[in-house]
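Overview (structure and organization)
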Amino acid sequence: RDCGILRAVLLGDKSTLREEDQLLYQKNGISHLLAISGLHISTIGIGLYQMLRKCNLTFLEAGLPSGIFILVYGMMTGFGISTVRAVCMFVVMIFADIMGRAYDMASAMSLAVMVILMRNPLQARQAGFLLSFGAVLGICFVYPILQSVFEAKGKFAKTVLISISITLMTYPLTVHFFYEYPLYSILLNFIVIPFMPVVMSFGGAALLMGCMWKSAGQVIGIPAHLVLSFYEVLGERVVKFPHAVIRLGSEEPWQLVAYYMLLTAALLGIWYGRRRVFSSILPLAILIITLRFRSPLEFTAIDVGQGDALYLKTPGETTFLIDAGSTSVKSIGEYRILPYLKYEGVETLDYVIFTHLDEDHINGIRELLEMQDSLDCVKIKQMLFPAISNPDEKYQEMWNLA
């Protein structure tokens with residue numbers, strides 16, 4: 001388990017990362033720890049840069065090897081969107097020191113945007129791009145306003161304000177792309193992020209030492225193992241809290257526009273000393289992006305290829321799934337039915353109904369049943385089977401599974 005997580009954290013390789021671990025981090029809102037991002041680049045790059053500076057090297061002598069190392073590290077880990085952003089911003093910071101100029105985060109971020117979009121303009125619509133740069137926008141523009149007004153002093157208070165700033169910018173985007181939000185993610189990030197340098201430093205040392213002497217690598221890796229075990233225990237506890245993950249469903253486009261307009265108005269209000277404006281408009285913005293405006297009666301034929309899947313929601317908020325199977329599309333439960341139910345904001349199906357038990361009507365429901373114990377599921381209250389006097393083996397299998 002540690003191997004899969006450390007390969008993701010240090011090398012950007014998720015091929016051996018267990019699905020349950022990835023899901024646990026995702027449901028707790030800390031999945032960014034498993035991606036090469038600004039946290040990782042700053043821990044490695046700034047750590048190396050500051051170490052070289054303490055050796056009485058000049059900005060150029062310390063910055064050049066640090067910048068080259070981070071560029072090579074980014075190439076080795078695949079240069080994902082968050083990695084390109086972090087590498088660009090780190091290199092600009094080093095270059096500013098070498099040239100004797102001030103480092104401006106917004107300018108560095110803008111350069112990273114241009115570099116990424118020149119490679120592929122369609123990245124502008126991708127979740128990773130918007131969430132990554134949304135977080136930086138929160139630090140660049142929201143945090144200075146909150147800091148100037150609340151005058152946070154001390155590292156902890158500043159960390160709280162930075163987390164709130166990032167959340168205000170990325171909350172609508174998280175809901176937009178994933179249809180749900182981990183409610184305790186801010187609190188959890190306060191706890192887990194300070195321990196990440198331990199995971200990276202001791203995990204990296206274990207990797208390097210393990211290449212030469214396996215037993216020594218295992219010993220050096222013990223602190224990383226303890227922190228990862230702590231993450232697992234903490235995540236499993238938190239995800240069981242009431243409303244740990246709020247499944248909201250998709251929003252209307254106007255809600256996104258309204259949220260960011262109201263957020264801007266709230267920030268302008270507090271900037272000009274009108275705290276009442278901020279305290280009244282901000283809750284309204286959060287309320288608008290959280291509420292859902294849907295038709296009282298919904299009926300959807302879900303595209304499952306050769307098969308059948310019907311979703312029904314009545315004006316009384318009762319939900320039905322009538323058949324769900326396909327013989328032409330694989331894993332429709334995980335990749336078609338479950339995403340659609342998330343899109344609708346469905347946490348519990350009141351009724352699942354079989355009209356008959358041919359494979360193209362049941363294999364998606366079989367997947368939903370097998371996922372009932374996982375963190376990523378839709379709970380099923382009641383199942384209705386057709387009354388058959390002589391049930392066959394497939395009927396009995398589904399009955400037992402239910």
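Just so we're clear, the structure is a prediction, and the values are computed from it rather than from any experiment. (Residues numbered from 1 in each chain as written. Predicted model: local features only at pLDDT ≥ 70, side-chain atom pairs only at ≥ 80, totals over all residues. Heavy atoms only, no water.)

1. Observations regarding a nonpolar patch on the surface
Using the following cut-off: Each patch groups residues whose relative accessible area exceeds 30% and which form no salt bridge, using 9 Å between like charges and 5 Å between nonpolar side chains of Val, Leu, Ile, Met, Phe, Trp and Tyr. Methods summary: accessible areas were calculated by the Shrake-Rupley approach with a probe of 1.4 Å, and residue burial reflects only the protein chains presented. Throughout this description, the term salt bridge denotes a Lys or Arg side-chain nitrogen within 4 Å of a carboxyl oxygen of Asp or Glu. Here a helix means four or more residues in a row that DSSP labels H or I, a strand means two or more in a row labelled E, and each is numbered from the N terminus.
On the surface, a nonpolar cluster with roughly 480 Å² of combined accessible area is contributed by Trp-254, Leu-284, Leu-287, Leu-291 and Phe-293. Looking at the element boundaries, Leu-291 is found in the loop between α14 (275-290) and β3 (298-301).

2. Digging into the environment of His-225
The test is simple: Under the scheme applied here, a residue whose accessible area is under 20% of the maximum for its type counts as buried, over 50% as exposed, and between as partly exposed, the area being computed with a 1.4 Å probe on protein chains only.
Here His-225 is to be found in helix α12 (residues 222-238). Judged by relative accessible area, which is 35%, His-225 ranks as partly exposed. A sequence separation of 22 residues divides His-225 from Gly-203, and the C-alpha atoms of the two residues are 8.3 Å apart.

3. Considering the pairing of β3
This is how the line gets drawn: One bridge is not enough; two strands pair if DSSP finds at least two bridges between them.
Both β3 and strand β4 (residues 307-313) contribute to a ladder of 4 bridges, which runs antiparallel. Bridging across to β4, Phe-299 finds its partner in Leu-312. Hairpin remark: β3 followed by β4, antiparallel, with 5 residues in the connecting loop; positive phi at Gly-305, about 75 degrees.

4. Brief notes about the sheet that holds strand β7 (residues 379-384)
Just so we agree on the cut-off: Here the axes come from fitting lines to C-alpha atoms, over the contacting stretch only for helices, and the angles between their N-to-C directions go from 0 to 180 degrees. We call two residues in contact whenever any of their non-hydrogen atoms come within 4.5 Å of each other.
In space, the 5 strands of this open sheet follow the order β3-β4-β5-β6-β7, with mixed pairing throughout. Both outer strands of the open sheet, β3 and β7, are each paired with one neighbouring strand and no more. Across this sheet, the average inter-strand angle for adjacent strands is 25 degrees, counted without regard to direction. Of the strand pairs in this sheet, strand β6 (residues 348-353) and β7 are connected by 5 bridges, and their pairing is parallel. The residue bridging Ile-353 from the neighbouring strand is Leu-384, located in β7. Sheet strands in contact with helix α16 (residues 359-370) are β4, β5 (319-326), β6 and β7, and its direction is about 115 degrees off that of β5.

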